[in-house]
Amino acid sequence: MALTTQGGAEEQLVVLSYREPATTGRRLGGEQAGVALGQMAAGAGNLVFALAAARILDPAGFARLSVFLGLYLVLSLPATSLSAATAVDPRKRDALLRKVSAVSLLLAVVMAAASPGLAALLNVPIPMVVGLAAVLPASAPLALDRGRLYGTRRHRRLVESLVAEPAVRLSVGLSLAAWTGPVGAAAGVVIAAYTAREVARGRRHARRRLYQSRASAGREGTAGWTAAAFALLALLQTQDLVFANAILPGGKAAAYAALSTLGGAAAFATVTIPLVLLPRAVRRDKHSLAVAAGLAGVLGMSAVSVTAIAPHALSVALFGSRYGSITPYLVPYMMAMGLLGIGRVLVAHRCATGAGPRTTLVAGVVVVGQWVAIAIWGRSVGTVAATTVAATAALLVGIGVESLVVLRAPAVGSHFIRSGQRIEAAVSSTAHGLPRRAISSLGRAAHDPVVLAMSAVTLAGLAVRFVVPRGIWLDEATSIHQASMPFGEMLKNLGSTDVHPPLYFAVLWTTDHLIGSGPLAMRLPSVLAGTLAVPAAYLAARDLWDRRSGVIAGVLASVAPILVWYSQEVRMYSLFMLFALLALWGQARVLRYGTAGGWVIYVLSSAALVWTEYFAVFQLVTQQAVFVAAIIRRPQQRRQLLVALLIATFLMAVLIAPLEPFAWHQFVVNQTAGKGFGAPSQVGLAGAQSISVYTVLANLAWAVVGYHSAAVMAAIVALWPIGIFLALFLLGRNMTDRTAAVLATAVVPVVLLLAIGLVKRNLFEVRYLSGVVVALLLLCSRLVTGASRSIRMQATACVAIVALLAGSLGDEQVNGSNPRLYDFAGALHAVQVRYRPGDLLVYSPGDLDLVVSYYAPHIDAVQLGQAEVGRPAGTELFVLGSSNLMAPNEPSQLGRYLSDLRHQDRLVAVVKKANATVWVFKV
């Protein structure tokens, strides 16, 4: 044991170097929970301060105060990165304090001198900029002192410092706010920072002991990289608010400030967790990462769950009715802040265990990407919030890719194989003590880098799917209306008016009657199914080829545009894709391992497929043919495979048989009405009278890169010869029976549906080829691993494809020229703002009746052709039209009606939303 003494006259530090005994998970959990409770108390106090300020100040004043608080975070959170440095190595506090104090004082003087220009740039008063300058000399020393408290585990003093800051804000800040407005509130924030600094310093001439384990010796660069990474995470959390205030108009900037305030509370609750983790991770405590990540996940998901219960009521109750417009973005933004908490934990652990440079690089790329995305798409509250969600999701994916592929690629590859063998042996074991073996297997899985990476990727995929910039459209409104009926009446309605099986509608009916019919609640089954598709893609590709292909497939599934699109829609196609993946996974397990479990997965998933969408029969037939081909090609296993296939086919027939009367009744009813099993095409190629090569290629392009404008799709389709040649070349290099099986699943259903589409044109749609979508996704993962044996080349290819898919996803979600993007929510909101008793809404086409009744149930509305001729003078007439959904004769009918109105009434406004337009006439 070595003893050294550090520190000056103010304080001495006794350093005892020894190997600290292992710490139990219970103690680690208590340590994390104690500090987290103090942080949450501080966060609650800061939230009360912001909410009270929102009530005291006018919207413009609150927006300026929110910007001040955001800038305060921008300045203090990078300073908090110094906490990370001294938490890793508390001995650095004294040396860093002298340097940081001089730099922060110089920066304060420069900022104060430049305050007029900065105030104009940031749109805040000059005294607020001076206040930001004044807080600089306190924030950095405060961060260093708190970091030392983390590193020496003096958590009681730490909690006192955390709680002191909001206490002063509430007592002093609110008093000054009521007296002098936002400038006084900002002054209270500055005073609170200095108070917290004094509490963190503690008593003078204190003599303390710091236990430094041998594991932390020699890590001189760890503290610096940790500080840099945490500074970047601070920018990731706060730069969206700064840019929103500079880009968005006043009302929207205030709304984003309210959104950021709530999200900041969720992020604030987890900010101590990685700092408590850092000294433990440096010492390589066994359970430290699992405890920290678990607590961060629990706190983040708790914030999301509380918000999701009643987001509109929460926003109105906390900020007032004028901030109700943030409701659609609350849950996704809270999800982003929850993911950021987990991301900070992962970054802390990676930095503490020697991966600081690469982790900092990943964080830097994400921060720059967020800035670029806001600059390109940041035109509304929703788009700025979406970039933040995407950035936090990208952080988790980037850390997963870095830890799995870049850092120790050769070692990780062999570790994958060994881990897979251990887990496979544990799962397949049926010996005595199975529960103990299962628990042991779960424990090993919790430390498996692949499991951790796929968990992060799945969470990222969940966050991306929660960002829904579009409202409910026609088909979704129909689903919601049917789910609101009594169950028996719903089945009767489906049998008489619809063309889809009842499984999805039963799930939606349960959701409606348990948690309500709000947009988020109704989309929840699709969101969950789409999220589960991420690990399902991993499992399918893993058992088809290898674990690396599985990881790539999972990453691609998290951002694949068409998977995300239908994960956000109140229709059955997300469930279709999930069951299609599970069916492919079951078949892969059968062909590779011959397990009974694989047959069970295949049978149940295939039956669920048909109960979800009738066109899934095409995939079922294809997979049955693949089994027949396997029987022919494997003479040694022919008898065993044939018997198993016959049993599986019989069981599937038993499970599907109850659906036959229901399906036949639907067919007879629709055939009698002259429709057969026809369904109106959503948009796009619906107007074509025949199927061309372009039609087929456009649907396949949709399956890969999602929905885009006609010009973009024409450019993509023009590249089809190159794409097909490259795909065949790469797949052909490593074509195996399993690859051929997936390729058949991607090709045969297209051919079969094309044959039907020649008779009924509107049935050839990518929606009915959802099984093909996931098969193409799996083939893409195989393209990456089959193109080269170099792990770095595979990583580069994976990153390039993810970037392409992420860009396509962004364009698909926010580009108003996307013919499948409908903003009826925005259009009807504009009507509701102006609507007064006596006004009338006329809509076309008539199928919009359910959309109108969903979003505007209290508005007097009729479809075009049923409006009364004369209207009372002084009232307003609203006309809602969507040309993409109209029958051939309806656009001209709407044009004549608008022309007549222009002659007799005054057009006062035209509101244009994505594929929805509202004309406002004053009678």
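Note that the structure is predicted; figures quoted are calculated from it, not measured.

**Some thoughts on the overall build of the protein chain**
When helices and strands are tallied, the protein chain shows 37 helices and 8 strands. By the burial criterion, 55% of the 923 residues in the protein chain qualify as buried. Pairs at least 24 residues apart make up 77% of the contacts formed inside the protein chain by residues separated by at least 6 positions. A total of about 37,300 Å² of accessible surface is found on the protein chain, and carbon and sulfur atoms cover 67% of it.

**Some words on the environment of Asn-884**
The topology assignment puts Asn-884 in the loop between strand 6 (876-881) and helix 37 (890-904). You can call Asn-884 partly exposed: its relative accessible area is 30%. Put simply, Asn-884 and Pro-819 are 65 residues apart on the chain and 7.4 Å apart in space, counted from C-alpha to C-alpha. Separated by 3.1 Å, the side chain of Asn-884 and the backbone oxygen of Pro-819 make a polar contact. Among the polar contacts listed, one links the side chain of Asn-884 to the side chain of Asn-915, at a separation of 3.0 Å.

**Some thoughts on the packing of aromatic side chains**
Applying the stated criterion across every chain, the model contains 15 aromatic pairs. For the ring pair Trp-473 and Tyr-822, a centre distance of 5.4 Å and an interplane angle of 10° mean the geometry is stacked. Of this pair, Trp-473 sits in the loop between helix 17 (449-466) and helix 18 (474-483) while Tyr-822 sits in the loop between helix 34 (791-814) and helix 35 (824-834), and the two are 349 residues apart along the sequence. Given the relative accessible area of 4%, Trp-473 is considered buried. Relative to Phe-627, the ring of Trp-599 lies with its centre 4.8 Å away and its plane at 25°, an arrangement referred to as stacked. Here the residue Trp-599 occupies a position in helix 25 (residues 596-612), and Phe-627 occupies one in helix 26 (residues 617-633), the gap between them amounting to 28 residues. An identical accessibility class is assigned to Trp-599 and Phe-627; each is buried.

**Considering helix 19 (residues 487-497)**
Along helix 19, the residues that are buried comprise Met-490, Leu-494 and Gly-495. What you see down the axis of helix 19 is that its buried residues fit within an arc of 135°, all on one side.

**Describing unusual backbone geometry**
Only a minority of non-glycine residues have a phi that is not negative, and only a minority of peptide bonds are not trans. Note the cis peptide between Ser-844 and Pro-845, where omega equals 5°. Here Pro-845 shows up in the loop between strand 4 (840-844) and helix 36 (849-855). We note that Asn-915 has phi near 55°; this positive angle belongs to a residue other than glycine. With respect to the helices and strands, the residue Asn-915 is situated in the loop between strand 7 (906-913) and strand 8 (916-922).

**Thoughts on the nonpolar core**
Counting residues in each nonpolar core, the largest one holds 131 residues, and the members touching the most others are Leu-563, Trp-599, Leu-778, Phe-824, Leu-841 and Leu-880. If one sorts the elements of this core by residue count, helix 24 (residues 573-593) sits on top with 14 residues. When near neighbours in sequence (up to four residues on either side) are disregarded, Leu-778 contacts Ala-537, Ala-540, Ala-541, Leu-544, Trp-545, Ala-553, Leu-581, Leu-584 and Val-742. If you look at the next biggest cluster of nonpolar residues, it comprises 115 residues, including Val-35, Met-111, Tyr-150 and Ile-326.

**Description of the sheet that holds strand 6**
Ordered by their spatial adjacency, 5 strands build an open sheet running 5-4-6-8-7, and the pairing between neighbours is mixed. The sheet is open, and its two edges are formed by strand 5 (861-863) and strand 7, each paired on a single side. When the angles between neighbouring strand axes are averaged without regard to direction, this sheet yields 20°. Of the pairings in the sheet, the one linking strand 6 to strand 8 comprises 6 bridges and is antiparallel in character. Paired with Gly-881 across the strands is Thr-917, a residue of strand 8. With respect to the sheet, helix 37 is in contact with strand 4, strand 6, strand 7 and strand 8, its orientation differing from that of strand 6 by roughly 160°.

**Points about the pattern of salt bridges**
On inspection of all chains with the given rule, the structure shows 12 salt bridges. In this structure, Arg-542 engages Asp-543 in a salt bridge whose closest nitrogen and oxygen atoms are separated by 3.2 Å. Side by side, Arg-542 and Asp-543 carry an identical accessibility label, which is buried. The residue Asp-546 makes a salt bridge to Arg-782 at a minimum N-O spacing of 4.0 Å. Pair noted here: Asp-546 is in the loop between helix 21 (519-544) and helix 22 (547-559) and Arg-782 is in helix 33 (residues 770-787), with a separation of 236 residues, a long-range link.

**Brief notes about the pairing of strand 4**
For strand 4, the tally of buried residues reaches 5 of 5 residues, placing the bulk of the element in the interior. By the alternation rule, side chains of strand 4 split into Leu-840, Val-842 and Ser-844 and Leu-841 and Tyr-843, which are all buried. In terms of strand pairing, strand 4 meets strand 5 through 3 bridges, oriented parallel. What sits directly across from Leu-841, in strand 5, is Ala-861. Chirality of the crossover, the property in question, places the unit of strand 4, helix 36 and strand 5 among those that are right-handed.

**Description of the side chain of Gln-239**
Relative to the assigned elements, Gln-239 resides in helix 8 (residues 222-247). Note on Gln-239: relative accessible area 8%, which makes it buried. Engagement of the side chain of Gln-239 in a polar contact is seen with the side chain of Gln-370, the distance being 2.5 Å. When residues no more than four places from it in sequence are discounted, the contact partners of Gln-239 are Val-367, Gln-370 and Trp-371.

**Some remarks on the confidence of the model for the protein chain**
Looking at the protein chain, the pLDDT average stands at 77 and 83% of residues meet or exceed 70. Taken element by element, the protein chain is modelled with least confidence in helix 15 (residues 409-428), mean pLDDT 42, and with most confidence in helix 24, mean pLDDT 92. Low pLDDT (under 50) marks residues 204-218, which in the prediction has 43 contacts with non-local residues, meaning those over four places away or in another chain. Per-residue pLDDT stays below 50 along residues 676-689; that stretch engages in 44 contacts with residues further than four places along the chain or on separate chains.

Parameters and conventions
- Residues numbered from 1 in each chain as written.
- Predicted model: local features only at pLDDT ≥ 70, side-chain atom pairs only at ≥ 80, totals over all residues.
- Heavy atoms only, no water.
- Helix = DSSP H or I, 4+ residues; strand = E, 2+ residues; numbered from the N terminus.
- Buried < 20%, exposed > 50% of the residue type's maximum accessible area, 1.4 Å probe, protein only.
- Contact = heavy atoms within 4.5 Å.
- Areas by Shrake-Rupley, 256 points an atom, 1.4 Å probe, with all protein chains shown as cover.
- Polar contact = N/O pair within 3.5 Å; in protein donor to acceptor, adjacent residues only side chain to side chain.
- Phe/Tyr/Trp six-rings, centres within 6.5 Å; stacked < 30°, edge-to-face > 60°.
- Arc of directions from axis to C-beta.
- Core = buried A, V, L, I, M, F, W, Y, C linked by side-chain atoms within 4.5 Å.
- Pairing = 2+ DSSP bridges.
- Axes fitted to C-alpha atoms, helices over the stretch in contact; angles between N-to-C directions.
- Salt bridge = Lys/Arg side-chain N within 4 Å of Asp/Glu carboxyl O.
- Right-handed = clockwise from strand over helix to strand, strands pointing away.
- pLDDT = per-residue confidence, 0-100.

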